[in-house]
Amino acid sequence: MSKSVFIKTYGCQMNVYDSERMADVLAPLGYRGAADPESADLVILNTCHIREKASEKVFSELGRLRLLKEQAAAEGREMLLAVAGCVAQAEGEEIARRAPQVDLVFGPQSYHRLPRLLAERRSGGVRVDTDFPVESKFDFLPEEAAARGAAAFLAVQEGCDKFCTFCVVPYTRGAEQSRPAADVVAEAARLAARGTVEITLVGQNVNAYHGDGPDGRTWGLGRLLRRLGEIEGIRRLRYTTSHPRDMDDELILAHRDEPKLMPFLHLPVQSGSDRILAAMNRRHGVRLYLEWVERLRTARPDLALSSDFIVGFPGETAEDFAQTLRLVTDVGFAQAYSFKYSPRPGTPAAELAAAVPEEVKAERLAMLQELLGEQQRAFNRGMVGRRLPVLLDRRGKRAGQLVGRSPYMQSVAVAAPDQLSGQLVEVDILDAFQNSLAGRLADPAASGLCAGAAA
């Protein structure tokens, strides 16, 4: 008898990948995907600990799900409730204490053990599994149970050894691990065979990738990207998220030489102040960041950059913030994510004095976002009048509309028939907005709908 599972995913691309792999692990047990939690036999919250008040949001959601679980019991059926991911890893025992309606709690390194955890739960076994296993979960995951669509994430690296003082990732994801190159290539080939044309390699520090190569050598990310570019059917390659300390010559050459590698890079800097970067333990300064930006743009002149910024880190002065604004002005970003600093329990920065007042953080964030917003609007306006290859992968808000991504990760809406979903098409860009573009299909006779052409 088939059962159903509903997985709600919070946070980063790695969590999206993990949720898909949880579904793969559960498929041999007879679990199929549920459209909503109300009808599911198993509900999993795959949580993220990066954003502010992450655990409070999880407990709020668990309160709502408790009512659904009670309703299911009143109807004579069982609903199992699980919390996975980074909040589970960081606060597993607290979840078990505060939310007795939860049946399973497991961290991001433990989901390959889901069949055993479910069996133990039904026999009254252990509810919390947040130990870091000796073995890599990737060694135990089954092949993908279903096609991923035109675009897919593929995890190649996990964990972090950087220990930035504001970040919980080393404590929730563990030390850096890289998958063997042959395993990555095999998974990418399976995705391509099922219709995926764009693959985004993901990891906490994806450019720290150092996997065992089939030639007996250690492969870096640049070498891996070149090998993935040889797979028939793969038309686009991306990777995220990178750390400035892990850029290298081979990766820069891949940006120059690999036509399938898209001209868009997310390279977080966090601050434009060397003093604050040192307090964050970022292990790089402004000069190194700017050097990498210059070298990347020399290798790939059309490269667009995205970044992350934290405003109001403890001890940040007006001059420190002014240096961040100068860096943004000097570099110019196509996109960026910016946040007010908020302490994460258990991280070194949470113990720092000299907290920046909330009203000051809010004022600085507004100034930074205004500057970043101006840059993004200008970059988008620069696309008007251009013809861009767009991978259409979802329906738009209007009837007869499809939406996809440009090479620069912009959302592009276009009137197009459903049969073009999942295809690369040429689009003439007509209009630009803060976060998206609008266009029309180019003359198929002129574009050939990108048939056989790399984007």
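Placed above this text is the structure.
Since the model is a prediction, treat every value here as computed from it, not as a measurement.

### Focus on the sheet that holds strand 14 (residues 264-266)
Item 1. One open sheet accounts for three strands, arranged 14-15-16; its pairing is parallel. A single partner strand is all that each edge strand has here, and the edge strands are strand 14 and strand 16 (335-340). For this sheet the average axis-to-axis angle between neighbouring strands, irrespective of direction, equals 10°.
Item 2. With six bridges connecting them, strand 15 (residues 304-311) and strand 16 associate as parallel partners. Bridging across to strand 16, phenylalanine 309 finds its partner in serine 338.

### Some points on unusual backbone geometry
Item 1. For the peptide bond that leads from threonine 240 to threonine 241, omega is 0°, which places it in the cis range.
Item 2. By the secondary structure assignment, threonine 241 is in the loop between strand 13 (236-240) and helix 8 (249-257).
Item 3. In this model, asparagine 281 sits at a positive phi of 60°, which is unusual for a non-glycine residue.
Item 4. Along the chain, asparagine 281 turns up in the loop between helix 9 (274-279) and helix 10 (286-299).
Item 5. Under the relative-accessibility criterion, asparagine 281 is labelled partly exposed at 28%.
Item 6. Phi at arginine 283 is positive, roughly 65°, even though this residue is not glycine.
Item 7. You can see arginine 283 is positioned in the loop between helix 9 and helix 10.

### Focus on the sheet that holds strand 7 (residues 151-155)
Item 1. The strand order 7-10-13 describes an open sheet built from three strands, whose pairing is parallel. What marks the edges here is a single partner per strand, and that holds for strand 7 and strand 13. Ignoring strand direction, the axes of neighbouring strands in this sheet form an average angle of 25°.
Item 2. Direction of pairing for strand 7 relative to strand 10 (residues 198-202): parallel, over a ladder of five bridges. Paired with alanine 151 across the two strands is glutamate 198, which belongs to strand 10.

### Describing the side chain of asparagine 46
Item 1. Residue placement: asparagine 46 occurs in strand 3 (residues 42-47).
Item 2. Assessed through its relative accessible area of 1%, asparagine 46 is described here as buried.
Item 3. Here serine 19 takes part through its side chain, which lies 2.9 Å from a polar atom of the side chain of asparagine 46.
Item 4. The contact partners of asparagine 46, leaving out residues within four places of it in the chain, are Ile7, Lys8, Thr9, Tyr10, Asn15, Asp18, Ser19, Met22, Ala84 and Gly85.

### Some words on the packing of helix 6 (residues 181-193) against helix 7 (residues 221-228)
Item 1. At their nearest, the axes of helix 6 and helix 7 sit 10 Å apart, and the two run at 35° to each other. Crossing handedness for the pair helix 6 and helix 7: right-handed. For the pair formed by helix 6 and helix 7, the contact residues are Ala181, Val184, Val185 and Ala188 on the first element and Leu224, Arg227 and Leu228 on the second.
Item 2. Grouping the amino acids of the contact of helix 6 with helix 7 by side-chain chemistry returns six nonpolar, no polar and one charged.

### Focus: the packing of helix 1 (residues 13-26) against helix 4 (residues 114-122)
Item 1. The geometry of helix 1 relative to helix 4 is characterised by a closest axis approach of 9 Å and an angle of 65° between their N-to-C directions. Between helix 1 and helix 4, the contacting residues are Met22, Val25 and Leu26 on the first element and Leu114, Pro115 and Leu118 on the second.
Item 2. Within the contact of helix 1 with helix 4, the residues separate by chemical class into six nonpolar, no polar and no charged.

### Here we look at the side chain of asparagine 207
Item 1. Position of asparagine 207 among the secondary structure elements: in the loop between strand 10 and strand 11 (211-212).
Item 2. Non-local contacts of asparagine 207, meaning those with residues more than four positions away in its chain, are made with Leu221, Thr241, Ser242, His243, Asp246, Met247 and Leu251.

### A look at the environment of proline 407
Item 1. Structurally, proline 407 can be placed in the loop between strand 18 (401-405) and strand 19 (411-415).
Item 2. Owing to a relative accessible area of 7%, proline 407 belongs among the buried residues under this scheme.
Item 3. For the pair formed by proline 407 and alanine 322, sequence separation is 85 residues and the distance between their alpha carbons is 32 Å.
Item 4. Setting aside residues no more than four positions away along its own chain, proline 407 makes contact with Arg236, Arg238, Met262, Pro263, Phe264 and Pro389.

### Section: helix 6
Item 1. In this model, helix 6 (13 residues) spans 18 Å end to end at C-alpha, consistent with the 18 Å of a helix rising 1.5 Å per residue.
Item 2. Restricting attention to buried positions, one finds in helix 6 the residues Ala181, Val184, Val185, Glu187, Ala188, Leu191 and Ala192. Viewed end-on, helix 6 has its buried residues packed into an arc of 165°, placing them on one side of the element.
Item 3. In this structure, the buried side of helix 6 is in contact with helix 1, strand 7, strand 10, strand 11, strand 12 (218-219) and helix 7.
Item 4. Positive backbone phi, approximately 105°, marks glycine 195, located one or two places after helix 6.

### Some details on helix 2 (residues 54-74)
Item 1. For helix 2, spanning 21 residues, the distance from its first C-alpha to its last is 31 Å, which sits close to the expected 30 Å at 1.5 Å a residue.
Item 2. Taken together, the buried positions of helix 2 are Ala54, Ser55, Val58, Phe59, Glu61, Leu62, Leu65, Leu68, Lys69 and Ala72.
Item 3. If you follow the buried residues of helix 2, they end up packed against strand 1 (3-9), strand 3, strand 4 (80-84) and helix 3 (85-98).

Reading the values: the criteria
- Residues numbered from 1 in each chain as written.
- Predicted model: local features only at pLDDT ≥ 70, side-chain atom pairs only at ≥ 80, totals over all residues.
- Heavy atoms only, no water.
- Pairing = 2+ DSSP bridges.
- Helix = DSSP H or I, 4+ residues; strand = E, 2+ residues; numbered from the N terminus.
- Axes fitted to C-alpha atoms, helices over the stretch in contact; angles between N-to-C directions.
- Buried < 20%, exposed > 50% of the residue type's maximum accessible area, 1.4 Å probe, protein only.
- Polar contact = N/O pair within 3.5 Å; in protein donor to acceptor, adjacent residues only side chain to side chain.
- Contact = heavy atoms within 4.5 Å.
- Left-handed = near helix turned anticlockwise from the far one by under 90°.
- Nonpolar A, V, L, I, M, F, W, Y, C, P; charged D, E, K, R; others polar.
- Expected span 1.5 Å × (residues − 1).
- Arc of directions from axis to C-beta.

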